[in-house]
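Analysis of the macromolecular model
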Amino acid sequence: MKKLTLMITLLAISIMVAAPLTVHAAGKKAKSEVVMKMGSKLHLFHSGKVAAQKEIAIGDELTVYRESGKTRQSKEVGQVKVLSFVGDHYFEAEIVKGEIKVGDIAKKDETSLLVQPPK
């Protein structure tokens, strides 16, 4: 009986110690998420394939999607306007509609670009 009481007490203490750490970690994750609003500039990453560079032109407006859930459903969250080329793998763009997060996907026809913060 003493062993059972001791085990339950130790289990309760470990739960009380671990619970605040989990809540604190979840709060930090939410705070580190970058949300960019209309007028903000961002970079769009592409693989450097010639098709992406030919299909997307300066001045194009691309629809931005966010994938969520276990089924990875895409939801439209905004639009960006391509401003310029930045190196071999990036386009610079400006948000013209919606709220966009790092990791969202901008699409035009068959080309997809990963949203990145400006450098």
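Okay, so let's go over this structure. Because the structure is a prediction, the values reported are computed rather than measured.

1. Some points on the nonpolar core
If you look at the biggest cluster of nonpolar residues, it comprises 16 residues, and the most contacted ones within it are L42, L44, L62 and V80. Of all the secondary structure elements, the ones that give two or more residues to this core are β2 (41–45), β3 (61–68), β4 (73–86), β5 (90–98) and β8 (111–116). In contact with V80, other than residues within four places in its own chain, are L42, L44, D60, E61, L62, V64, A93, E94, I95, V96 and I100.

2. Things to note about the packing of aromatic side chains
Applying the stated rule across the entire model yields two aromatic pairs. Ring geometry for F85 against F91: centres 5.1 Å apart, planes inclined by 45°, an arrangement best described as tilted. Classification of F91 by relative accessible area gives buried; the value is 0%. Above the ring of Y65, the side-chain terminus of K107 is found at 5.5 Å from the ring centroid.

3. Some words on the sheet that holds β2
The strand order β2-β5-β4-β3-β7-β8 describes a closed barrel built from six strands, whose pairing is antiparallel. On average, each strand axis in the sheet is tilted by 45° relative to the strand beside it, whichever way the strands run. Relative to β4, β3 is paired through eight bridges, and the arrangement is antiparallel. Note on β4: the bridge partner recorded for E61 is K81.

4. Considering the pairing of β8
Every second residue of β8 is oriented toward a common face, the buried set being T111, L113 and V115 and the non-buried set S112, L114 and Q116. In this structure, the hairpin formed by strand β7 (residues 105–108) and β8 is closed by a connection of two residues, where D109 is found at a positive phi of approximately 50°.

5. Quick word on unusual backbone geometry
The backbone of R72 shows a phi angle near 55°, a positive value even though the residue is not glycine. With respect to the helices, strands and loops of the structure, R72 is situated in the loop between β3 and β4. The backbone phi angle of D109 is positive, close to 50°, even though this residue is not glycine. Of the residues examined, D109 reaches a relative accessible area of 64% and is grouped as exposed.

6. Thoughts on the pairing of β3
The side chains of a regular strand alternate, first on one face of the sheet and then on the other. Here β3 folds back onto β4 in antiparallel fashion, the turn holding four residues, of which G69 has a positive phi close to 80°. Sheet topology note: the β3/β7 ladder contains three bridges and is antiparallel. Across the sheet, residue V64 finds its bridge partner in β7, namely A106.

7. Here we look at the environment of M38
Mapped onto the secondary structure, M38 falls in the loop between β1 (35–36) and β2. Using a relative accessible area of 61% as the deciding quantity, one classes M38 as exposed. Along the sequence, M38 and I95 sit 57 residues apart, while their C-alpha atoms lie 4.8 Å from each other. Setting aside residues up to four positions removed in sequence, M38 forms contacts with I95, V96, K97 and G98.

About the cut-offs
- Residues numbered from 1 in each chain as written.
- Predicted model: local features only at pLDDT ≥ 70, side-chain atom pairs only at ≥ 80, totals over all residues.
- Heavy atoms only, no water.
- Core = buried A, V, L, I, M, F, W, Y, C linked by side-chain atoms within 4.5 Å.
- Buried < 20%, exposed > 50% of the residue type's maximum accessible area, 1.4 Å probe, protein only.
- Helix = DSSP H or I, 4+ residues; strand = E, 2+ residues; numbered from the N terminus.
- Contact = heavy atoms within 4.5 Å.
- Phe/Tyr/Trp six-rings, centres within 6.5 Å; stacked < 30°, edge-to-face > 60°.
- Lys NZ or Arg CZ within 6 Å of the ring centre and 35° of its normal.
- Pairing = 2+ DSSP bridges.
- Axes fitted to C-alpha atoms, helices over the stretch in contact; angles between N-to-C directions.

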